[in-house]
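# Commentary on secondary and tertiary structure
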Amino acid sequence: MKGRIFSVVGSMLLLTVCSKGNQSSAAPAASPTAAPTAAPTNEPPPAAPAAGSTAGGTITGHVKFTGTAPKNPTIDMSEEAACKAKYPNPPQEENVVSGPANSLANVFVYVKSGVPAGQKFTAPTTPVTINQEGCRYHPHVFGIMVGQPFEIDNSDPVLHNIKAIAKANRPFNVSQPSAGMKTTRPPFTAPEVMVNLECNVHGWMHAYLGVRPDPFYAVSKQDGSFTISGLPPGTYTIEAWHEKLGTQTATVTIAGTESKTANFTFAAH
Amino acid sequence: MTARRPDGLTAGRIVLVLSVLLAVRPCGRPAAAQDTTAGKVVYQKWCAGCHGDNGAGDGQGARHMIPPPRDFTGAIYQIRSTPSGQLPTDADLMRSIDEGLGGTAMPGWKNRLSDRQRRDVLAYIKTFSTFFADTTQRPQPITFSSAPSGTDVKVGRQFYDSIGCRKCHGDQGRGDGPSAPTLKDDAGHPMFAANLHENWRFNGGGTVEDIYHRLRTGLDGTPMPSFSDLLEQKFLTDEQLWRVAQYVRSLSPKDAPVVRDVIHAPLTKALPHAPDDSAWTGVDTYWFPLVGQIIRKERWFAPAVSGVWVKAVHTADSIAIRVAWDDRSQSPDTAWLAHLGRVFNTLSDDSTREQPALWPDQLAVQFPVSIPTGMERPYFLMGSPSAPVYQWRWSSTARTSATAGLARGIDRFDPITGSGAGIPTQAVYDHGEWRVVFTRALASPDTANQLPLRTGRAIPVAFFAWDGSNGEHGTRMAVSTWYFLALDEPVPARVFISPVLAMVLTLGLGMLVVWRAQQKTSYRRQQ
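Since the model is a prediction, treat every value here as computed from it, not as a measurement. Along each chain, numbering runs from 1 in the same order as the chain's sequence is written. As they are written, the chains are lettered A onward and the ligands numbered 1 onward, keeping that order. Note on the predicted model: pLDDT of at least 70 is required for a residue's local features to be given, and 80 or more for side-chain atom pairs to be given and counted; whole-chain, interface and lining totals, by contrast, use all residues. The basis for every side-chain value is the complete set of non-hydrogen atoms in the structure, without hydrogens or water.

### Considering the overall build of chain B
- Numbering of helices and strands runs from the N terminus; a helix is a DSSP stretch of H or I covering at least four residues, while a strand is a stretch of E covering at least two. When helices and strands are counted, chain B shows 13 helices and 14 strands.
- Whereas a compact globule of 527 residues would reach a radius of gyration of roughly 24 Å, chain B reaches 31 Å, over 25% beyond that.
- When its C-alpha atoms are laid out on the principal axes, chain B stretches across 115 × 80 × 55 Å.
- Only protein chains enter the calculation, and the probe is 1.4 Å; a residue is then buried if its accessible area is under 20% of its type maximum, exposed if over 50%, and partly exposed in between. Each of the 527 residues in chain B was classed as buried or not, and the buried ones make up 49%.
- When checking whether two residues touch, look at their non-hydrogen atoms; a contact exists if any pair is within 4.5 Å. Sequence-distant contacts, at least 24 apart, represent 67% of the contacts inside chain B between residues at least 6 apart.
- Only the protein chains shown count as cover for residues, and all accessible areas are computed by the Shrake-Rupley method using a 1.4 Å probe. If you sum the accessible surface of chain B, you get close to 25100 Å²; carbon and sulfur atoms cover 56% of it.
- Positive residues here are Lys and Arg, negative ones are Asp and Glu, while His and the chain termini are left out of the count. Note that the charge is assigned to NZ on lysines, CZ on arginines, CG on aspartates and CD on glutamates. In chain B, 56 side chains carry a positive charge and 50 a negative one; their mean positions are 8 Å apart. Each radius of gyration reported is based on C-alpha atoms, and the globular scaling rule is 2.2 Å times the count of residues to the power 0.38.

Written out as structure tokens, the structure is:
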């Protein structure tokens, strides 16, 4: 019987909620009252140092490849005179960018696991910027934190569309037909390795964006080197991601402010 | 009423009554009244065949569709009122359910499902993605401006060029721009830039408002981006974007074409052999829709040619038939090979897997071998071994002459040898449109196999089209059914003279009778 009474009360409550919804729907739905969990601001401040801090442990390393690197296709820019004019020789795609001694650039290296799940990191307010120049993306591979502003610039006097292909985040597709355009996108909301960026007007334009909840990521340079710093003590799985050559992982344990090494070697086909 | 507890009723009954009340009086927001359990039943019956049991766009029918059915798991929707990247509103989703998506296999469900069923299925579709349950992802529709007064297509064209529409949609808007062969969706399926001359096939509707809204929101999941940033950053005014929409609208006919069954070929003095001869200007145009050939293997579910525009004229001894059709590629063209690979991969149906190759564009005009005396005509799909049809087959690799022959079924074509083997043609490919003129003498050198074309008869005619760059050859083609061609007869002078003569004669006779009668009367009076 008690249960029945509760169900009556429950139903009444439901009805009340509904009729309220009915009223508010007449007015423009502007007030974000239905988002009580949107801002969990009452969390303790992050225990770990902020991005870029020198405190904590450091992981450095080199990325290499074995075998013969596939040849990057030459880009035919004949449709875009303004872009073509920027290159003395026909440019190539950046599928596999390598340096001396088989070093491999454009590898996204990040802490895949090991950072305590509850630990929150504040995203920098300075935006991460991608620029379109010479009908190519600069940078080609890069990282951004969840919540960090993302800016897209166009330095070319031609139409580019920037299409983000994402699963954990909302994909989007915006156009920039004029030089000088700067678009700031709403920040990414969830970690994702990688979000693919592409231009459908110029089929060769691809960029890859690693979205991380923490600042522990880096992109290998031309000489294959990378540095991830500011890591609190712990055991971490580090993943190295390459757009054509796949992924590699390593396990690194950090105690105190030491510096550890993690090298990665990819097999080129 | 609900605050007082009536004593005579048990609590259980009250729950029942309240439930009924809740069900009958829906809350203002559709979401509160939606029933995902009922929605699932509707979904599984009507939607899962294409969209898949788990909403991943992988149902049985998906293998035959370009564009493929929506994958609901990503919550990426083309037709929205929200900025690019945002979820659609319920009203946006309901619009697509109600009206369907033009130019795709998605029909409108407004008249097939009840309001309740459509609301429920909408709610169920949203459960395939976690984004809809995420309160931080609430869609915020754009407040669209209303259209500016007047129309300025010239300004629209100027900005169509400057903001790069032609890159994909082409200089004349037929979806043949330089980037068109490279377009694909997130899953790698081939995508086509819309042919802007066919607004009745636009995914989100063909009005100026629809076009403006798509320019603002983009079509998420496709290569079509949002142009809203241009307005926000003042690179373009809102009015200029409206002019672009007006220009795009102006490329399509005022009304969607309507099929008229009989092509009237008027009599002219000189035959226009060239497709762009000014003599064609005043001649009536007839539109015939084409559909994929899905009767005989290999079936073809993704025809590129959606219809033909036909004009015909004749002189005392010859006929010219002008067939124009939109084709985004001038085949064979290596630029479309990779695209064709994507088409074949997407349409992984029961047909044998084929390697992309360089096929030409083709068009066939079909007649019976003789005018049928009764209602029976040869089988429209290229006749049969016992009842062949007479065809003119034109190919983009031999533009100046079509091959005449007899088709004895879809896979057998016997070219005519000797007299009447070649049908002279003149062809123009112009920014995504083929225009081909076929000419022939009305009389036939072989009346048994090559139909003599006579005035005053309804001559059955049908059309077939192949877009080589879309993988079309052999039985993979677009087909029409039988229509008619009528060679209008010159109206003989007696048609105009006879009625006048008859009237004069009748009047004369009448007057004679009256005169005679009066004569008699006056004679009697005199007596």
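### Details of the nonpolar core
- We call a set of buried Ala, Val, Leu, Ile, Met, Phe, Trp, Tyr and Cys residues a nonpolar core when their side-chain atoms join them within 4.5 Å. Judged by nonpolar contacts, the single largest core of 55 residues is most densely connected at Phe150 and Leu197 of chain A.
- Non-local contacts of Leu197 of chain A, meaning those with residues more than four positions away in its chain, are made with Ile130, Tyr137, Phe142, Phe150, Ile162, Lys163, Ala164, Met205, His206 and Ala207 of chain A.
- With 42 residues, the next largest nonpolar core counts Val305, Ile319, Trp394 and Trp434 of chain B among its residues.

### A word on the pairing of strand E6 (residues 150-154) of chain A
Residue and element names in this part refer to chain A.
- For E6, the tally of buried residues reaches five of five residues, placing the bulk of the element in the interior.
- What you see with E6 is no split at all: Phe150, Ile152 and Asn154 on one side and Glu151 and Asp153 on the other are buried throughout.
- For two strands to count as paired, DSSP must find a minimum of two bridges between them. The sheet contact formed by strand E3 (residues 128-133) and E6 spans five bridges and is parallel. Opposite Gln132, over in E6, you have Asn154 as the bridge partner.
- As judged from the four bridges shared by E6 and strand E9 (residues 182-185), these two strands associate in the antiparallel manner. In the strand pairing of E9, Glu151 is matched with Thr184.

### So, helix H11 (residues 238-250) of chain B
All names here are of chain B.
- Given a helix with a known number of residues, its expected span is that number minus one, times 1.5 Å. Given a rise of 1.5 Å per residue, 13 residues ought to cover 18 Å, and the 19 Å separating the end C-alpha atoms of H11 matches this to within 8%.
- Every buried residue belonging to H11 is among Leu241, Trp242, Arg243, Val244, Ala245, Gln246, Tyr247, Val248 and Arg249, and all of these are buried.
- Where H11 is buried, its residues touch helix H7 (153-162), helix H9 (208-217) and helix H10 (228-232).

### Examining unusual backbone geometry
- In this chain, Val193 of chain A is followed by Met194 of chain A through a cis amide linkage whose omega measures -5 degrees.
- A cis amide bond links Ser331 of chain B to the next residue, Pro332 of chain B, at an omega of -5 degrees.
- Looking at the element boundaries, Pro332 of chain B is found in the loop between strand E5 (318-326) and helix H12 (337-346).
- Within the chain, Asn102 of chain A stands out as a residue other than glycine whose phi angle is a positive 60 degrees.
- Mapped onto the elements of the fold, Asn102 of chain A is located in the loop between helix H2 (81-84) and strand E2 (108-113).
- For Asn102 of chain A, a relative accessible area of 34% translates into the label partly exposed.
- The phi dihedral of Ala75 of chain B falls on the positive side, at around 55 degrees, and the residue is not glycine.

### Here's the deal with the side chain of Arg328 of chain B
- Residue position: Arg328 of chain B is located in the loop between E5 and H12.
- A side-chain nitrogen of Lys or Arg and a carboxyl oxygen of Asp or Glu constitute a salt bridge if their distance falls within 4 Å. Among buried Asp, Glu, Lys and Arg side chains, Arg328 of chain B stands out as unpaired, with Asp467 of chain B the closest opposite charge at 4.5 Å.

### Some thoughts on the pairing of strand E17 (residues 264-267) of chain A
Residues and elements named next belong to chain A.
- Here E17 shows one buried face, formed by Phe264 and Phe266, and one open face, formed by Thr265 and Ala267.
- With four bridges joining them, strand E1 (residues 57-66) and E17 adopt parallel strand pairing. When the bridges of E17 are listed, Phe65 appears paired with Phe266.

### A short note on the sheet that holds E6 of chain A
All names here are of chain A.
- The sheet built from four strands is open, its strands ordered E4-E3-E6-E9 with mixed pairing. Across the chains shown, the open sheet's two edge strands, defined by having one partner strand only, are strand E4 (136-138) and E9. For this sheet, the mean angle separating the axes of adjacent strands, direction not counted, is 20 degrees. Note on method: axes are straight lines fitted to C-alpha atoms, helices fitted across the in-contact stretch only, with angles between N-to-C directions ranging 0 to 180 degrees.

### Focus on the sheet that holds strand E15 (residues 246-254) of chain A
Residue and element names in this part refer to chain A.
- Spatial strand order, E12-E2-E14-E15: four strands in an open sheet with antiparallel pairing. The open sheet has two edge strands, strand E12 (217-219) and E15, and neither has a second partner. The sheet shows a mean angle of 25 degrees between the axes of neighbouring strands, direction not considered.

### A closer look at the packing of H7 of chain B against H11 of chain B
All names here are of chain B.
- Two numbers describe how H7 lies on H11: the axes approach to 7 Å, and their chain directions differ by 100 degrees. Taken together, the axis directions place H7 and H11 in an arrangement best described as roughly perpendicular. From H7, Val153, Val155, Gly156, Arg157, Phe159 and Tyr160 reach across to H11, where they touch Gln240, Arg243, Val244, Gln246, Tyr247, Val248 and Ser250.
- Amino acid classes used here: Ala, Val, Leu, Ile, Met, Phe, Trp, Tyr, Cys and Pro are nonpolar; Asp, Glu, Lys and Arg are charged; the rest, including Gly, are polar. Residue composition of the contact of H7 with H11, grouped by class: seven nonpolar, four polar and two charged. The scheme is simple: roughly parallel for angles under 35 degrees, roughly antiparallel for over 145, roughly perpendicular for 65 to 115, oblique for anything else.

### Here's the deal with the packing of aromatic side chains
- Centres within 6.5 Å are what make two rings of Phe, Tyr or Trp a pair, Trp counting through its six-membered ring; a difference in plane orientation under 30 degrees is then read as stacked, over 60 as edge-to-face, and the rest as tilted. Taken as a whole, this structure holds 32 aromatic pairs over all chains when the rule is applied.
- Each residue in the set Tyr43, Phe72, Tyr77, Tyr124, Phe128 and Phe132 of chain B is aromatic and connected to the rest through ring pairs, giving one cluster.
- Geometrically, a lysine NZ or arginine CZ counts as sitting over a ring once it is within 6 Å of the ring centre and also within 35 degrees of the ring normal. The ring of Phe172 of chain A has Arg185 of chain A lying over it, and the distance from NZ or CZ to the ring centre is 4.0 Å.
- The cationic tip of Arg112 of chain B hangs over the ring face of Trp109 of chain B; the distance from NZ or CZ to the ring centre is 5.5 Å.

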